[in-house]
Amino acid sequence: MLLSINGIRKSFGETQALRGIAFDVAKGEIVALLGPSGCGKSTLLGIIAGLEEPDSGSVIWEGGNLAGTPPYKRGFGLMFQDYALFPHKNVRENITFGLRMARWEQDEINQRVAEVLDLVGLPQFGSRDIATLSGGEQQRVALARSLAPRPHLLMLDEPLGSLDRALRERLLSELREILQKTQQTAIYVTHDQEEAFSLSDKVVVMNQGRAAQIDSPNAIYRKPVNAFVAGFLGMNNIFEGHIAGGIIKSPIGNLPAPKGSTGDVTFLIRPDTIRLDGLGPQHLEGVVITRTFRGEQCRLEMEIQANRLSFSLPSSETQIPQIGELTQIDYDPTNTIQILSK
Ligand code: ADP
């Protein structure tokens, strides 16, 4: 394994920022650290970079413990949200700064600057002043600068956070292409699940200094392990119930139980597998209380016995119910009802 994070703990006074987090990063892999503000993402990056010492646990790089290795000897690159380009230097000078510090030869520097500017789609921009660039162009220069020294590991901390949505989406797919093309091993920190899912090979979902789930984006989306992960992905239909005789008794009624579970459970009703109709063997009935148009999808909330159930329908659906309408929905129990761990 290229990088192993083993049982890292770190406290600041009373605050336990990291509580035994562990995961691996393979060569060429893009790993996202995803979690809400305050869950310990930046602290963990600081520890991997060597800017902070963990209280316990280890950062192992190619089999060797990095404890005591200063940041500049780790050969890792960092890119932050406020990527702090030198405003009074031009694009080329911004990129060459780190290479000069690392004592690269002038020929190598010239060649590398041309390469990375090409890579980020700004081949003619070498002599442009930073102040004359758009936000997106500056972001690409910052990426070129962090890729230039060929870091063994590139760490990106909310790099797209300050950009508007359309630009963020475009840069996100470019960024993935660039990282893949260069087989750059990367750790990408974000609180935005769309960013994490579209960019990474593996996601570490963090909650209060621990890893709540580590898996591929697809696996996490298909099967969030607990209420925290499901809730963080915007799946809010989480209920308590009791299973006996193949039936879940729950606040929204009796539902067919998935095989293999009994007793008290927390379960999720996935919002993406519900259909209108109400004629199938498994259906629920309630009154629509909110209806939000979201582009391709329309999000509805239904009240069932004083509980709320939300689900999405394609906006192209012609019969989307109105607020106040009594509505029946169908669901396929094997895909819709998932038992969560506590
Ligand atoms: P994230 O990057 O996920 O937002 P952080 O790693 O910045 O989370 O912070 C995790 C927790 O540690 C937070 O509660 C934060 O207030 C606390 N924390 C981080 N750095 C310090 C520090 N230098 N001193 C005191 N508390 C800190």
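About the thresholds
Residue numbers restart at each chain and count upward from 1, following the sequence in its written direction. In keeping with the predicted nature of the model, local features appear solely for residues at pLDDT of at least 70, side-chain atom pairs appear and are counted solely at 80 or more, and the whole-chain, interface and lining totals rest on all residues. For side-chain calculations, the full set of non-hydrogen atoms in the structure is used, while hydrogens and water are omitted. A run of DSSP states H or I qualifies as a helix once it reaches four residues; a run of E qualifies as a strand once it reaches two. Both are numbered from the N-terminal end. Side-chain atoms alone can form a polar contact between residues adjacent in sequence; in general such a contact is a pair of N or O atoms within 3.5 Å, and within protein one must be able to donate a hydrogen while the other accepts it. Any two residues whose heavy atoms approach within 4.5 Å are treated as being in contact. Salt-bridge detection follows one rule: a side-chain nitrogen of Lys or Arg within 4 Å of a carboxyl oxygen of Asp or Glu. Remark: exposure states derive from per-residue accessible area (1.4 Å probe, protein chains only) relative to the maximum for the residue type, with buried under 20%, exposed over 50%, and partly exposed in between. Think of it this way: DSSP has to see at least two bridges between two strands before they count as a pair. Helix span, expected: 1.5 Å multiplied by one less than the number of residues in the helix. The arc in question is formed by the directions pointing from the helix axis toward the C-beta atoms. Pairs were defined over the aromatic rings of Phe, Tyr and Trp, the Trp ring being its six-membered one, requiring ring centres within 6.5 Å. Orientation was assigned from the angle between planes: stacked under 30 degrees, edge-to-face over 60, tilted for the rest. Look at NZ for Lys and CZ for Arg. If either is within 6 Å of the ring centre and within 35 degrees of the ring normal, a charge sits over the ring. Like-charged residues within 9 Å of one another, or nonpolar side chains (Val, Leu, Ile, Met, Phe, Trp, Tyr) within 5 Å, are grouped into patches, provided each residue has over 30% relative accessible area and no salt bridge. Areas reported as accessible are Shrake-Rupley estimates using a 1.4 Å probe. Residue values count occlusion only from the protein chains shown. The term nonpolar core refers to a set of buried residues drawn from Ala, Val, Leu, Ile, Met, Phe, Trp, Tyr and Cys, joined through side-chain atoms within 4.5 Å. With axes taken as lines fitted to C-alpha atoms, and helix axes fitted only over the stretch in contact, angles between N-to-C directions fall between 0 and 180 degrees.

1. As for the side chain of Ser250
Mapping Ser250 onto the fold places it in strand E12 (residues 247–250). Only 2.9 Å separates the side chain of Ser250 from the backbone oxygen of Gly253, close enough to count as a polar contact. Those residues within four positions of Ser250 in sequence are excluded, and the remaining contacts are Glu240, Gly241, Leu255 and Phe267.

2. Quick look at the pattern of salt bridges
A side chain of one charge can pair with a side chain of the opposite charge if their charged atoms are brought near each other. All chains considered together, the criterion is met by 12 salt bridges. Between Glu52 and Lys10 there is a salt bridge, and its shortest N-O distance comes to 3.7 Å. Of this pair, Glu52 sits in the loop between helix H1 (41–49) and strand E4 (56–61) while Lys10 sits in strand E1 (residues 3–12), and the two are 42 residues apart along the sequence. When the shortest N-O distance is used, the salt bridge between Glu174 and Arg140 registers 3.5 Å. Of this pair, Glu174 sits in helix H6 (residues 165–181) while Arg140 sits in helix H5 (residues 135–147), and the two are 34 residues apart along the sequence. For Glu174, a relative accessible area of 23% corresponds to the partly exposed category. Owing to a relative accessible area of 12%, Arg140 belongs among the buried residues under this scheme. Connected through shared salt-bridge partners, Arg112, Glu115 and Arg150 make up one network.

3. Comments concerning the pairing of strand E19 (residues 326–331)
Relative to E19, strand E15 (residues 274–276) runs antiparallel, the two being bridged by 3 bridges. Of the residues in E19, the one forming a bridge with Arg275 is Asp330.

4. So, helix H4 (residues 106–119)
When the terminal C-alpha atoms of H4 are compared, their 20 Å separation across 14 residues agrees well with the 20 Å that a helix rising 1.5 Å per residue should span. Turning to H4, its buried residues number three or more, namely Ile109, Arg112, Val113, Val116 and Leu117. Along the axis of H4, the buried residues cluster in a sector spanning 130 degrees; they form a single face. For H4, exposure combined with an orientation more than 90 degrees from the buried face picks out Asp107, Gln111 and Asp118. Of the surrounding secondary structure, the elements contacted by the buried residues of H4 are helix H3 (91–101) and H5.

5. Comments concerning the packing of aromatic side chains
Summed over the entire model, instances satisfying the criterion amount to 4 aromatic pairs. Both rings, one in Phe86 and one in Phe97, keep their centres 5.0 Å apart while their planes meet at 65 degrees; by these two values the pair is edge-to-face. Taken together, the residues Phe86 in the loop between strand E6 (76–80) and H3 and Phe97 in helix H3 connect sequence positions 11 residues apart. What makes Phe86 partly exposed here is its relative accessible area of 29%. Considering the side-chain rings of Phe228 and Phe232, the 5.8 Å spacing of their centres and the 15 degrees angle between planes classify their relative orientation as stacked. Of this pair, Phe228 and Phe232 both sit in helix H9 (residues 227–232), 4 residues apart, which is roughly one turn of the helix. Residue classification places Phe228 among the partly exposed residues on the basis of a relative accessible area of 24%. Seen from the ring of Phe86, Lys89 lies directly overhead, with NZ or CZ sitting 5.9 Å from the centre. Across from the ring centre of Tyr221, 4.9 Å away, lies the NZ or CZ of Arg270, which sits over that ring.

6. Considering a nonpolar patch on the surface
A surface patch of nonpolar side chains, about 260 Å² in accessible area, is lined by Leu51, Leu78 and Phe80. With a relative accessible area of 56%, Leu51 lands in the exposed category.

7. Observations concerning the pairing of E1
Examined bridge by bridge, E1 and E4 share 5 bridges and lie antiparallel to one another. From the neighbouring strand, Arg9 faces E4, where its bridge partner is Ser56. Summarising the sheet, E1 and strand E2 (residues 15–25) pair through 8 bridges and their orientation is antiparallel. Paired with Ser11 across the two strands is Gln16, which belongs to E2. The hairpin turn running from E1 into E2, its antiparallel successor, is 2 residues long, and Gly13 in that turn takes a positive phi close to 60 degrees.

8. Considerations on the nonpolar core
Counting residues in hydrophobic clusters, the biggest one holds 34 residues, and the most contacted among them are Val91, Ile95, Val141, Leu143, Leu154, Leu156 and Tyr188. Mapped by element, the contributors of at least two residues to this core are H3, H4, H5, strand E7 (153–157), H6 and strand E8 (186–190). Per-element accounting of this core gives the leading share, 6 residues, to H6. Every residue in contact with Leu154, bar those within four places of it in the chain, is listed here: Gly77, Leu78, Leu143, Ser146, Leu147, Leu179, Gln184, Thr185, Ala186 and Ile187. One finds Ile8, Ile48, Met155 and Val204 within the second-largest nonpolar core, a separate group that totals 26 residues.

9. What about the sheet that holds strand E10 (residues 210–215)?
The sheet built from 6 strands is open, its strands ordered E6-E7-E8-E3-E9-E10 with mixed pairing. Each edge of the open sheet is held by one strand with a lone partner, namely E6 and E10. Averaged over all pairs of adjacent strands, the angle between their axes in this sheet comes to 15 degrees, without regard to strand direction. In this structure, strand E3 (residues 30–34) lies alongside strand E9 (residues 202–207), joined through 4 bridges in parallel fashion. Residue pairing in the sheet places Val31 in a bridge with Lys202 of E9. Contacting E3, E6, E7, E8 and E9, H1 runs over the sheet at an angle of about 155 degrees to E7.

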